[in-house]
Each structure stands twice: as structure tokens, then as C-alpha cells.
Amino acid sequence: MAATDRQVFFTKNLLAWHAGHHRPMPWKGERNPYLIWLSEIILQQTRVEQGLPYFERFKATYPTVTDLANAPEDEVMKLWEGLGYYSRARNLHAAAKHIAHDLNGSFPATYEGIRSLKGVGDYTAAAIASFAYDLPHAVVDGNVYRVLSRYFGIETPIDSTAGKKEFAALAQGLMEIRKLGNWWGRNFSISQFQTKRLQPGHNGLRRHALYPGCAEMWNLSDAATLRSFFGRKNGGVACENEEAGAAASVFQLPDFQSGGRGFH
DNA sequence: GTCCCGCAGT
DNA sequence: ACTGCTGGAC
């Protein structure tokens, strides 16, 4: 399926935006699949501010997947205390033991292998596959739903099977637009973009509130409509005073070579 | 009190 | 296809 101009435009501008908006996080640029897995499990259903100290503690206490596998269950649960959704911790520990005992301590390096781990669903498998191994799997989480529904004007409810399919297909299509960057760079960008620009507290996901002016953004040469999505304070969407630089750079964005290591 | 939105169990 | 899971922000 060929990408539309709008899809190419979106991808280019997203990457340009991300290049100018680094949000430093301990796992950004991380290539260790164990640490990526750990951070993704902690971040399921959990905000970065809440999960960050837990990630640091787990990383310090269990530097490798074998360390985690060898830890007693009650110690792992104790370290998880306060994060909620305790089945995540039980699955994390069970999967660590599986990797240590059945896979010689080496983390699975294929999407299917990662996806088969306890507690790892489509989203987490795609995140680990692309961030650790640069495999072309699109991450489709709540952040991605929010960004795509607004930019592409999709109103299909994401809590329906049809909606999940539609968003997954669109996200994967965006991944496959070539020569615009690498897979994990693109995945990272879209998630970060939401974090900065479209916060759930301002536009409820269930309501599928489209970004104001979304319908008018089909004019791809209009810098003002571009800014309305990628920068300007508008319609209750949380923004900071950083739109000028981002908006100025988007039209000069060169195509990146795929397979590179941009966007740290 | 409502909302959050990834995964697993059913 | 539908539901429960935790704690925290609002």
C-alpha cells in the first residue's frame, strides 16, 4: 500500500519535531533489550514520572536478566510495591526465569520470540523489537492512538476491534515510508510527540476529540496549519513556547537514510 | 467519584 | 468480545 502525501508529510515533520525536542530519559538510546523490556513493562499503564524511580531501582538491583531471574519472588514483589498491576511483576519475574533457564540467558531477538514472553503483548513486543534490534514493527499504544486520530481525522473508536486494526495498519504504513529515518527513531518520535503535545488530561481518548482545525490541514503547503498541529498553543492542548524553532525547520528537513542512528 | 488504555483470562 | 487489574491525578 503506497503512502499518501499526507502520511509522508506527517512522518517528515514528526521526525523534524523530535530532532529539536529531546526529552532525556534513562532508556532513550538504550539498546540493551533487557533494560528496554524492563522499562516498557514498568511503563505499561504508568506515567513516566511515577515509573522512573522504579526503573532505576530495578536496574540497580538487577543489572542483568539473570540477576532478576535469580532473585526471590517476594523481593521482586517488594520492589514493585506501589506501582500497581502486580501481575506485571509476576510475569516479569517468570519471563526472566524462562530466559535465564531455557534460553541460556540471552534475550529473544525476534518479534515472535519477544511476543511470546509472559506479560508482553503487541505493543511491548514492537517496542523492544524496534528499539533493541531496529526491526520494522510499529508501536501502537495510547500515545499513538491520540496522535494519529487527531492528525488523520480518524474517529473509529479505538476500543473496538475495527479501530485497533485501522490504527495498527496506519502506524505500520507510516513505519514503511522509507528514507526518512530508522525504525526505532520513528517509533520513539511519535510517542514523545504525544507526551509533549497531546496529553490525555486535555483531550480524552474516549471522546476522540479531533484537534481543532484538523480537517483544514489537508493543505500540505500551509505552514500555519502545520504549526497548528506541531506547535501552536490551541484548543486546550498542552504546549510550551518552543514552536518557533520547530516550525521554522520542518520545510528544510532533508530525507534521512534508513538504517542510520539518528534521533538520540 | 471518574479516568487512565496494555495485557491476560475467560 | 468483554472484563479486571492498581494507584494517582483531577
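To keep things clear, this report deals only with the structure shown in the data block. (Residues numbered from 1 in each chain as written. Chains lettered and ligands numbered in written order. Predicted model: local features only at pLDDT ≥ 70, side-chain atom pairs only at ≥ 80, totals over all residues. Heavy atoms only, no water.)

Before going further, it helps to spend a moment on the nonpolar core. One finds Tyr34, Trp37, Phe58 and Leu148 to be the most contacted residues of the largest nonpolar core, which totals 58 residues. Apart from the residues lying within four places of it in its own chain, the contact partners of Trp37 are Val65, Leu68, Leu92, Ala95, Ala96, Phe107, Leu117, Val120 and Ile128. (Core = buried A, V, L, I, M, F, W, Y, C linked by side-chain atoms within 4.5 Å. Buried < 20%, exposed > 50% of the residue type's maximum accessible area, 1.4 Å probe, protein only. Contact = heavy atoms within 4.5 Å.)

Before going further, it helps to spend a moment on unusual backbone geometry. Positive phi, normally seen in glycine, also occurs at Gln45, with a value near 65°. Accessibility expressed as a relative area gives 62% for Gln45, which makes it exposed. Of note, Asp134 is a non-glycine position whose phi angle comes to about 55°, a positive value. Here Asp134 lies in the loop between helix H8 (122-133) and helix H9 (142-151). (Helix = DSSP H or I, 4+ residues; strand = E, 2+ residues; numbered from the N terminus.)

For Ala132, the position within the fold is in helix H8. Distance from Ala132 to Gly119, taken between C-alpha atoms, is 18 Å for residues 13 residues apart in sequence.

Let us look at the side chain of His93. Structurally, His93 can be placed in helix H6 (residues 87-102). If sequence neighbours within four positions are ignored, His93 has contacts with Leu68, Ala69, Ala71, Pro72, Glu73 and Val76.

Before going further, it helps to examine the pattern of salt bridges. Using the criterion set out here, one finds two salt bridges in the structure. Residue Glu81 is joined to Lys78 by a salt bridge in which the shortest nitrogen-to-oxygen separation is 3.4 Å. Residue classification places Glu81 among the partly exposed residues on the basis of a relative accessible area of 45%. (Salt bridge = Lys/Arg side-chain N within 4 Å of Asp/Glu carboxyl O.)

Near DNA strand C the following residues occur: Gln50, Gly82, Gly84, Tyr85, Tyr86 and Thr161. Of all atoms in DNA strand C that approach within 4 Å of the protein, 57% are sugar or phosphate atoms. (Near = heavy atom within 4 Å.)

For the pair H9 and helix H10 (residues 161-175), the least separation of the axes is 11 Å and the interaxial angle reads 85°. Classified by the angle between their axes, H9 and H10 sit roughly perpendicular to one another. Touching Val144, Tyr145, Leu148 and Ser149 of H9 are Lys164, Phe167, Leu170, Ala171 and Leu174, all from H10. Broken down by class, the residue content of the contact of H9 with H10 amounts to seven nonpolar, one polar and one charged. (Axes fitted to C-alpha atoms, helices over the stretch in contact; angles between N-to-C directions. Parallel < 35°, antiparallel > 145°, perpendicular 65-115°, else oblique. Nonpolar A, V, L, I, M, F, W, Y, C, P; charged D, E, K, R; others polar.)

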